Amino acid sequence: MFNIIAIVFFWLPLGLLTYHWFGFPLILWLLVKIYRSKTPQGEGYQLPKVTVAIAAWNEELTIEAKLHNCLSLEYPKEKMEILVGTDAVTDRTNEIVLRFAENDSRIHLITVSERIGKSAVINLLAKEASGDVILFTDADVLLEPNTLMAGVKHFYDPKVGLVLPAYKRVNKEGVAPEGLWDKYENKIKEMEGKLGVAVGVYGWAMFMRRSAFYPLPPDTINDDYVLGIFAFRRGYRSVYEPNSISWTKIEPPEIEFKRKMRISRGNAQQFFRYSDILLPKYGLVAFVFFSHKYLRWLGPFFLLSMFAASGINARTPFFLWMFVLQLIIYSTTPLLLWMRGFWRKFLFPQYFIWTNLALLAGYWQFLFGKRLKYNWLRTERRID
């Protein structure tokens, strides 16, 4: 049970997975109890001008609802602008934005005639932004009315470069099923944010101090993650604001699989380009990146290792049971494609495997698949 194969290929991966999912959150909780950063509430602080920056490509199904949503945000009109950057669209996106711009001077359209990719569009938006704070947000995401007021308060602290809003996902009926996965992620980000090292950046919505922005390489896949890396490299802190909320939709498993594949391609790119963030000079930031991100990226390989080690050692009862249990979970994972409603809650182990399979597929695509020129793949959906 404790031969060299079992120790190296079963117990070590199991220990790392256990640390990632349970040990790391416990350490975060203890660190928060010992030390938590506080945002100074300076008297006489003036609300900063905010640029809401939306990178869009063929978003005629969502852009109208998105602009209505942005115009309804509670913030002084004279201190807010809305920039929409489009990437050589072939639908009615530009027409819709220009119609809004005619009626509200806060809205401006930035467009290009030839495809340049999302990262390049984000660079254009940041260059044209006049706000001291930029809220990067996707075209298919809705924001709570108090999103800006809740988020910008953290920029009282000149060391804060990023503010991460909370996110909630709704199903097609518009109901927010508080999934275990979402609860876990938001809680982790909340604890990291109290320490100033919230690394779980999502492009759905993220505040960034304009001085913390650094232009993205044009082939960047996960622009949100890389912007966070750049801010940390420049010595800025990242916090979390639970009262600043973005809403997005839960997609069917097959579409969610493709989205996670794309993210995984970006993870592989980040691993090769930005692993210097793990250097000791980054201190707590390096620890959090390793524990929260890198161990999760390695999760598929840990699971494969454990499955193989269980099969090799199946002559012992313990590993035989482990092998059979894993085999049952793997073989029932496709049920996620068909099962809905109440019984789906019992498929959490299968959802975990499904997510890791998507990561593995993304790595394969990055290493052996066709290189995309623009790295802008999005989910086709509308805001209802």
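Residues numbered from 1 in each chain as written. Predicted model: local features only at pLDDT ≥ 70, side-chain atom pairs only at ≥ 80, totals over all residues. Heavy atoms only, no water.

## Focus on the overall build of the protein
Here's step 1: Across its full length, the protein holds 12 helices and eight strands.
Here's step 2: Taking 21 Å as the expected radius of gyration for a compact globule of 384 residues, we find that the protein reaches 22 Å, a close match to that expectation.
Here's step 3: Once the C-alpha set of the protein is aligned to its principal axes, its extents read approximately 75 × 45 × 40 Å.
Here's step 4: Evaluated residue by residue, the protein yields a buried proportion of 51% over its 384 residues.
Here's step 5: For the protein, long-range pairs separated by at least 24 residues make up 81% of all intrachain contacts whose partners lie at least 6 apart in sequence.
Here's step 6: Roughly 18,400 Å² of accessible area belongs to the protein as shown, and the carbon and sulfur atoms make up 64% of that amount. (Helix = DSSP H or I, 4+ residues; strand = E, 2+ residues; numbered from the N terminus. Rg over C-alpha atoms; globule rule 2.2 N^0.38 Å. Buried < 20%, exposed > 50% of the residue type's maximum accessible area, 1.4 Å probe, protein only. Contact = heavy atoms within 4.5 Å. Areas by Shrake-Rupley, 256 points an atom, 1.4 Å probe, with all protein chains shown as cover.)

## Thoughts on the sheet that holds strand β3 (residues 107-112)
Here's step 1: As summarised here, the arrangement of the eight strands in space is β3-β2-β1-β4-β7-β6-β8-β5, forming an open sheet in which the pairing is mixed. The sheet is open, and its two borders are formed by β3 and β5 (142-143), each paired with just one other strand.
Here's step 2: Bridging between β5 and strand β8 (residues 237-249) involves two bridges; their strand directions are antiparallel. Bridge assignment links L142 to a residue of β8, and that residue is W247.
Here's step 3: Of the strands in this sheet, β1 (50-56), β2 (80-87), β3 and β4 (133-137) are in contact with helix α4 (residues 118-128), which crosses β2 at around 150°.
Here's step 4: In the packing of helix α6 (residues 180-194) onto the sheet, contacts are made with β6 (160-170) and β8, and the angle to β6 comes to roughly 165°. (Pairing = 2+ DSSP bridges. Axes fitted to C-alpha atoms, helices over the stretch in contact; angles between N-to-C directions.)

## Notes on the packing of aromatic side chains
Here's step 1: This structure, assessed with the given rule, holds 27 aromatic pairs.
Here's step 2: Between Y167 and W204 the ring centres are 4.9 Å apart and the planes differ by 65°, which places this aromatic pair in the edge-to-face class. Of this pair, Y167 sits in strand β6 while W204 sits in the loop between α6 and β7 (205-209), and the two are 37 residues apart along the sequence.
Here's step 3: For Y167, a relative accessible area of 4% gives the class buried.
Here's step 4: Among the residues examined, W204 registers a relative accessible area of 9% and is labelled buried. (Phe/Tyr/Trp six-rings, centres within 6.5 Å; stacked < 30°, edge-to-face > 60°.)

## Let's talk about the pattern of salt bridges
Here's step 1: Scanning all chains against the criterion turns up 15 salt bridges.
Here's step 2: Across the pair D157 and R237 runs a salt bridge whose closest N-O atoms are separated by 2.9 Å. Taken as a pair, D157 in the loop between α5 (147-152) and β6 and R237 in strand β8 lie far apart in primary sequence, 80 residues in all. Neither residue differs from the other here; D157 and R237 are each classed as buried. (Salt bridge = Lys/Arg side-chain N within 4 Å of Asp/Glu carboxyl O.)

## Some remarks on the pairing of β1
Here's step 1: Across the seven residues of β1, seven count as buried, placing the element largely inside the fold.
Here's step 2: Burial along β1 is two-sided: the face carrying V50, V52, I54 and A56 and the face carrying T51, A53 and A55 are both buried.
Here's step 3: Pairing of β1 with β2 involves seven bridges; the strand directions are parallel. If you follow A56 over to β2, its bridge partner there is T86.
Here's step 4: Handedness of the crossover is the feature at issue here: the chain leaves β1, passes through helix α2 (residues 63-71), returns alongside β2, and the resulting connection is right-handed. (Right-handed = clockwise from strand over helix to strand, strands pointing away.)

These figures come from the coordinates and say nothing about function on their own.
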